[in-house]
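So the chains spell out like this:
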Amino acid sequence: MQVTVTINGEERSADVEPRTLLVHFIRDDLDLTGTHWGCDTSNCGACVVLFDGEPLKSCTMLAATAAGHEITTVEGLAAGGELDPVQQGFIECHGQQIGFCTPGMLLTARALLDANPDPSEHEIREAISGQICRCTGYSNIVKAVRWAAENAPATTTTTTTTTGA
Amino acid sequence: MSTVQPSPTVGYGSMRRKEDPRFVRGQGRYIDDLKLPGMLHGAVLRSPLAHARIISIDTAAAAAHPKVKAVITGADLAGLGLAWMPTMSQDTQAVLATDKVRFQGQEVAFVVAEDRYSARDALELIDVEYEELPVVIDARKALDADAPIIRDDKEGQTSNHIFDWEAGDSEETDRVFAAADVVVARDIIYPRCHPAPLETCGAVAQMDPVMGKLTLWTTTQAPHAHRTVYALVAGLPEHKIRIIPGDIGGGFGNKVPVYPGYVCAIVGSILTGKPVKWMEDRSENLLSTGFARDYIMHGEIAATSDGTITGLRVTTTADHGAFNATAQPTKYPAGFFHIFSGSYDLQAAHCKVTGVYTNKAPGGVAYRCSFRVTEAVYLVERMVDALALELKLDPAQLRLKNFIRPEQFPYQCKTGWTYDSGEYERAMRLAMEIAGYDDLRREQAEKRARGELMGIGIAFFTETVGAGPRKDMDILGLAMNDGADLRVHPTGKAVLGISAMSQGQGHETTFAQIVSEELGIPSADIEVVNGDTDRTPYGLGTYGSRSTPVSGAATALVARKVRERARLIAAGMLEASPDDLEWERGRWFVKGDPEQGSTIQEIAMAAHGAGDLPEGVEGMLEDTCVYNPPNLTFPFGAYICVVDIDPGTAKVVVRRFVAVDDCGVRINPMIVEGQIHGGLAEGVGIALMELIAFDEQGNCLGGSFMDYLIPTALEVPEWELGATVTPSPHHPIGAKGVGESPTVGSPPAIVNAIIDALHDSHGVDHIDMPCTPGRVWDAMQGRAEPPQ
């Protein structure tokens, strides 16, 4: 079946089996491999994307269900080539080691900051608590998100908060 | 906390990582990201049973699937001589089962299909008839007379016994125990857990039938060792094998072994003439790949009545699963467990370890641990706390009283190690200061009076890492040495090739900083290549905290060789004798005339230039080095943990965790601290929730992230770190390695804290990990059971 989504602001389409998971559609059919896969059971969050602006574990949704919706992956975070503050924060605060959970963490952090531009440490921990990081022990991820909050451009314009159809 | 500002341009110090720009953009290059033209997908059929004879395998329906290109069984591999492969412990392991399956999840058949879904579909079409056999799951029953023999494939194997191994002086230890005022004993289990890196294991194999060259993109922490194994297993000429790990999404020891899936992907590519990708799913990773620990220990500690520890002895049953596939130096079947006398100046110590087969997955890799150091440290730190309880002494004071003193280094311990350097009391007192230890004890007393459960736990560890000296250590006969090659280009930019393999440790940054420190070239001008075996020198890879101790040393030494070459060339440029030149970072100059000098960049250009070089000096500016460590390094640290336990639910909350680490000289403190954070979180997981359990039929009960629990951001505290620096005297830059220290030191600190919280109120003097609410609750009711 033909599935069409708007991903990172671009309309993309592919012919897939009806059972195709959204994560495989994004990675294998649209070749956006920044979205990772880690567990099958919606526990790890390596596959988190923004779905109509909200974090979603893309291993838990069929590609067909996503048809017509707006998706942002990590590849869409750096608008015009300039890093999103959360991306810069992860660099400044050593918020990643292997980089495998990073894309999902970045997108959850972006959604959190869009909804709550000045989150507390606990609010950040709650926001990312559906995701596993095996390397950082989380402290530096929390700091990275705080860095992004404190270094947000005066007029934030992101492509990630658009509400889809 | 270190911050990255300001970033040094040359040498050591916290600086932003070179790796991160690609990771934050989703441009890491992991195995599953690879897509080659015509690539096929493999999937492994696994045994549902823990022990069964294979009666028949019918693959006809799978082979008839329109998208299936090949179905491979053990019988097919036997025809190629590939049904069995060597393990890293001189045992054999089935690639695909031929006679029996010996653990749940064992590899039985391999399907190659056009896409990953079809490959999985075809697995359902394979019909395997099994005859069930009795299982052995509990290692304590593996040597019973009526236990089924698991390895009847091995000639002369009449029991499930693998090895007996001892260290220390048994008679002397018995004598010390006989003379002791007090002896305390504990049965201590370090249960089976799993490294569970977020990226599972996988490979893409591409056999070029024309050139006869195999390229294998694969998740390996030891690419060169794997290349040699494939050459030996498959008979492929080693120069026609190229291993490319790419970016690795976490290893923690899990990606040290060669797994059957890798071999199957290679065979699949040979048979189909196409690239074949095999990527295991999460359950396959947890069910079948290298587990960790599974040590059943009986420890005894001897002391005088005033708390001078005199002796330690331990007997251990080591559960190695169905194939002895543990990864450790050949001479040491129990790894470095004989570091179990820890940080204390004892009169005698002795251990005996018995390894056995069970119907469980093979492995025994270290989960962020240098070859069983974790089990050893857990044992001694639990025993010291047990002694403190017995003698009613403060556990911090008891440790301070018994530490090896600074003037005793290099210290010969009673089980054969020579500790390189240490200042234990300094680290311990710093941890107590950061924690506010006396205030914590006061707070605890107040809370106890109110019926609240608060515990303070201490662990002090000494590790032995950086394997190792070739006279003592090898894996599969390969010396545990590492190479480095360094090429400085004409314009003064450099490329360093190393045999260590990063799995997130930041080698591209840290190793550039080592070269930068030695040569004065900005680290931004140094590219570090690791992993690709066609582009890097030979070496045994990254595990056992050996990257900085071994590859880091090779890197410093090759840079010094290049510096010496630069000196000779500079002497020609400056028309001076080499002996009259002096080095300052980045520049040789004439002694007493600092204006007369040449920068390393000028020298690099001259080295490649058309002008004459001094007689006997080779052109270009490059060199190679192989480092054979004279000894291991011995990082240490003092950890203090504060827990609160809910008296109504028995839920343990790690409220504070103080970690003072001494890993010698720190190249990039930001990266060191990041490593410690991560290892502490894994230690919290091991202590509180991570468990690979089995039922009586051998069904694995930890086969998904729904069952194998890993801490999230809400289960770990904000880490409180401190550092002392005691350089290693024998390491070229005084570094000791750090990646595993936090996982080694944190579990005993947490368990000691839990017992500290529950001893006075509930009489708990022991509990085994993982300390889940259910198990802690049982302990509070006086019915603590070991984990199954």
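Here the structure is a predicted model, which means the values were calculated and not measured.

### Thoughts on the overall build of chain A
Working step 1: Across its full length, chain A holds 6 helices and 5 strands.
Working step 2: Put simply, chain A runs from its N terminus to its C terminus through helices and strands in the order β-β-α-β-β-α-β-α-α-α-α.
Working step 3: Taken along the three principal axes of its C-alpha coordinates, chain A extends 45 × 35 × 25 Å.
Working step 4: Considering chain A as a whole, with its 165 residues, one finds that 58% of them fall into the buried category.
Working step 5: Summarising the internal contacts of chain A: among those between residues at least 6 apart in sequence, 59% fall at separations of at least 24.
Working step 6: Element-wise, carbon and sulfur atoms account for 49% of the exposed surface of chain A, whose accessible area totals about 5,900 Å².

### Brief notes about the overall build of chain B
Working step 1: When its secondary structure is counted, chain B shows 18 helices and 32 strands.
Working step 2: Once the C-alpha set of chain B is aligned to its principal axes, its extents read approximately 85 × 75 × 50 Å.
Working step 3: Considering only residue pairs separated by 6 or more positions, chain B has 79% of its internal contacts joining residues 24 or more positions apart.
Working step 4: Accessible surface computed for chain B: about 25,800 Å², of which carbon and sulfur atoms make up 50%.
Working step 5: Placing the 71 positive and 104 negative side-chain charges of chain B at their respective mean positions leaves the two points 2 Å apart.

### Examining the sheet that holds strand 28 (residues 593-599) of chain B
Residue and element names in this part refer to chain B.
Working step 1: What the 3 strands build is an open sheet, ordered 26-27-28; its pairing is antiparallel. Looking at which strands have only one partner, the edges of the open sheet turn out to be strand 26 (581-584) and strand 28. Each adjacent strand pair in this sheet contributes to an overall mean axis angle of 35°, direction not counted.
Working step 2: Pairing between strand 26 and strand 27 (residues 587-590): 4 bridges, direction antiparallel.

### Side note on the interface of chain A and chain B
Working step 1: Taken together, the 53 residues of chain A in the interface contact 59 residues of chain B.
Working step 2: When the buried area of chain A at its contact with chain B is split by residue, Gln-97, Ile-98 and Arg-134 of chain A rank highest and sum to 19% of it.
Working step 3: Between the two partners, chain A and chain B, sit 10 salt bridges.
Working step 4: With a closest N to O distance of 3.7 Å, Glu-682 of chain B and Arg-134 of chain A form a salt bridge.
Working step 5: Going through the elements one at a time, helix 1 (22-29), helix 3 (85-92), helix 4 (102-115), helix 5 (121-127) and helix 6 (139-150) of chain A are the ones with two or more residues in the side of chain A that touches chain B.
Working step 6: For the side of chain A that touches chain B, the class distribution of residues is 18 nonpolar, 22 polar and 13 charged.

### Re helix 4 of chain A
Turn by turn, an α-helix covers 3.6 residues, leaving residues three or four places apart pointing in a common direction.
Working step 1: Helix length check: helix 4 of chain A (14 residues) gives 20 Å between terminal C-alpha atoms against 20 Å at 1.5 Å per residue, within 8%.
Working step 2: Restricting attention to buried positions, one finds in helix 4 of chain A the residues Thr-102, Pro-103, Gly-104, Met-105, Leu-106, Leu-107, Thr-108, Ala-109, Arg-110, Ala-111, Leu-112 and Leu-113 of chain A.

### Concerning the packing of helix 13 (residues 507-519) of chain B against helix 14 (residues 547-574) of chain B
All names here are of chain B.
Working step 1: Viewed as axis vectors pointing N to C, helix 13 and helix 14 meet at an angle of 35°, and their least axial separation amounts to 9 Å. As for the relative orientation of helix 13 and helix 14, their crossing is right-handed in sense. Together, His-507, Phe-511, Ile-514, Val-515, Glu-518 and Leu-519 of helix 13 and Ser-547, Thr-548, Ser-551, Gly-552, Thr-555, Ala-556, Ala-559, Arg-560, Val-562 and Arg-563 of helix 14 make up the contact between the two elements.
Working step 2: Across the contact of helix 13 with helix 14, the residue classes break down as 7 nonpolar, 6 polar and 3 charged.

### Some thoughts on the packing of helix 3 of chain A against helix 4 of chain A
All names here are of chain A.
Working step 1: At a closest axis distance of 9 Å, the pairing of helix 3 and helix 4 adopts a crossing angle of 125°. Judged by the inter-axis angle, helix 3 sits oblique to helix 4. Regarding helix 3 and helix 4, the two cross each other, and that crossing is right-handed. Counted together, Pro-85, Val-86, Gln-87 and Phe-90 of helix 3 and Thr-102, Met-105, Leu-106, Ala-109, Arg-110 and Leu-113 of helix 4 form the full contact between these two elements.
Working step 2: In the contact of helix 3 with helix 4, the residues fall into 7 nonpolar, 2 polar and 1 charged.

### Concerning the packing of aromatic side chains
All names here are of chain B.
Working step 1: Per the counting criterion, the structure on display carries 29 aromatic pairs over all chains.
Working step 2: Seen in terms of ring centroids, Trp-84 and Phe-323 are 6.0 Å apart; in terms of plane orientation they differ by 80°. Their pairing is edge-to-face. Linking Trp-84 in strand 4 (residues 84-86) with Phe-323 in the loop between strand 16 (309-319) and strand 17 (348-356), this pair joins segments that are 239 residues apart in sequence.
Working step 3: By relative accessible area, which is 24% here, Trp-84 ends up partly exposed.
Working step 4: Judged by its relative accessible area of 0%, Phe-323 falls in the buried class.
Working step 5: Each ring, one from Phe-403 and one from Tyr-424, has its centre 5.7 Å from the other, and the planes form 70°; the classification is edge-to-face. Of this pair, Phe-403 sits in the loop between helix 10 (395-402) and strand 18 (411-412) while Tyr-424 is found in helix 11 (residues 424-435), placing the two residues 21 residues apart along the sequence. In terms of burial, Phe-403 and Tyr-424 fall into one category: buried.
Working step 6: Chaining the aromatic ring pairs together yields one cluster made of Trp-165, Tyr-332, Phe-336, Phe-371, Tyr-411, Trp-417, Tyr-419, Tyr-543 and Phe-634.

### Some points on the pattern of salt bridges
Working step 1: Inspection of every chain in the model, using the stated rule, returns 80 salt bridges over all chains.
Working step 2: Linking Arg-146 of chain A and Asp-118 of chain A is a salt bridge whose minimum nitrogen-to-oxygen distance equals 2.8 Å. In this pair, Arg-146 of chain A is assigned in helix 6 and Asp-118 of chain A in the loop between helix 4 and helix 5, connecting sequence segments 28 residues apart.
Working step 3: The salt bridge involving Asp-32 of chain B is made with Arg-116 of chain B; its shortest N-O contact spans 3.3 Å. Residue Asp-32 of chain B is located in the loop between helix 1 (20-24) and strand 1 (40-46), and its partner Arg-116 of chain B is located in helix 4 (residues 116-123); the two are separated by 84 residues in the primary sequence.
Working step 4: Judged by its relative accessible area of 11%, Asp-32 of chain B falls in the buried class.
Working step 5: What you see here is one network of salt bridges that share partners, running through Arg-53, Asp-91, Asp-99, Lys-100, Arg-102, Arg-151, Asp-152, Asp-153 and Lys-154 of chain B.

### Brief notes about the side chain of His-224 of chain B
Residue and element names in this part refer to chain B.
Working step 1: Within the element layout of this structure, His-224 appears in helix 6 (residues 223-234).
Working step 2: Side-chain polar atoms of His-224 contact the side chain of Thr-536, separated by 2.8 Å.
Working step 3: Beyond its immediate sequence surroundings of up to four residues, His-224 is in contact with Ser-499, Thr-533, Thr-536, Pro-537, Tyr-538 and Gly-539.

### With respect to the sheet that holds strand 6 (residues 100-101) of chain B
All names here are of chain B.
Working step 1: With antiparallel pairing, 3 strands are arranged side by side in an open sheet as 6-2-8. The open sheet is flanked by strand 6 and strand 8 (127-132), the only strands paired with a single partner.
Working step 2: For strand 2 (residues 52-58) and strand 6, the ladder comprises 2 bridges, and the chain directions are antiparallel. Bridging across to strand 6, Arg-53 finds its partner in Lys-100.

### Some points on the environment of Trp-217 of chain B
Residues and elements named next belong to chain B.
Working step 1: Considering the arrangement of structural elements, one finds Trp-217 in strand 12 (residues 213-218).
Working step 2: Overall, Trp-217 belongs to the buried group, its relative accessible area being 16%.
Working step 3: As for Trp-217 and Tyr-411, which are separated by 194 residues in sequence, their C-alpha atoms are 44 Å apart.
Working step 4: Every residue in contact with Trp-217, bar those within four places of it in the chain, is listed here: Ile-31, Leu-34, Leu-36, Gly-202, Ala-203, Val-204, Gln-206 and Ile-244.

### Here's the deal with the nonpolar core
Working step 1: Judged by nonpolar contacts, the single largest core of 176 residues is most densely connected at Tyr-419, Phe-657, Leu-688 and Ile-754 of chain B.
Working step 2: When residues of this core are assigned to their parent elements, the largest contribution, 12 residues, is made by helix 9 (residues 373-391) of chain B.
Working step 3: For this core, the two domains that each supply at least three residues are domain 1 (2-76) and domain 2 (85-151) of chain A.
Working step 4: Contacts of Ile-754 of chain B, omitting those with residues within four sequence positions, involve Val-643, Ile-645, Val-652, Leu-688, Ile-767 and Cys-771 of chain B.
Working step 5: Core analysis: the next-biggest nonpolar cluster, separate from the first, contains 42 residues, Ala-484, Ile-526, Trp-588 and Cys-625 of chain B among them.

Reading the values: rules and limits
- Residues numbered from 1 in each chain as written.
- Chains lettered and ligands numbered in written order.
- Predicted model: local features only at pLDDT ≥ 70, side-chain atom pairs only at ≥ 80, totals over all residues.
- Heavy atoms only, no water.
- Helix = DSSP H or I, 4+ residues; strand = E, 2+ residues; numbered from the N terminus.
- Buried < 20%, exposed > 50% of the residue type's maximum accessible area, 1.4 Å probe, protein only.
- Contact = heavy atoms within 4.5 Å.
- Areas by Shrake-Rupley, 256 points an atom, 1.4 Å probe, with all protein chains shown as cover.
- Lys, Arg positive; Asp, Glu negative; His and termini not counted.
- Charge placed at Lys NZ, Arg CZ, Asp CG, Glu CD.
- Pairing = 2+ DSSP bridges.
- Axes fitted to C-alpha atoms, helices over the stretch in contact; angles between N-to-C directions.
- Buried area = accessible area lost by both parts, 1.4 Å probe.
- Salt bridge = Lys/Arg side-chain N within 4 Å of Asp/Glu carboxyl O.
- Nonpolar A, V, L, I, M, F, W, Y, C, P; charged D, E, K, R; others polar.
- Expected span 1.5 Å × (residues − 1).
- Left-handed = near helix turned anticlockwise from the far one by under 90°.
- Parallel < 35°, antiparallel > 145°, perpendicular 65-115°, else oblique.
- Phe/Tyr/Trp six-rings, centres within 6.5 Å; stacked < 30°, edge-to-face > 60°.
- Polar contact = N/O pair within 3.5 Å; in protein donor to acceptor, adjacent residues only side chain to side chain.
- Core = buried A, V, L, I, M, F, W, Y, C linked by side-chain atoms within 4.5 Å.
- Domains from an automatic or database assignment.

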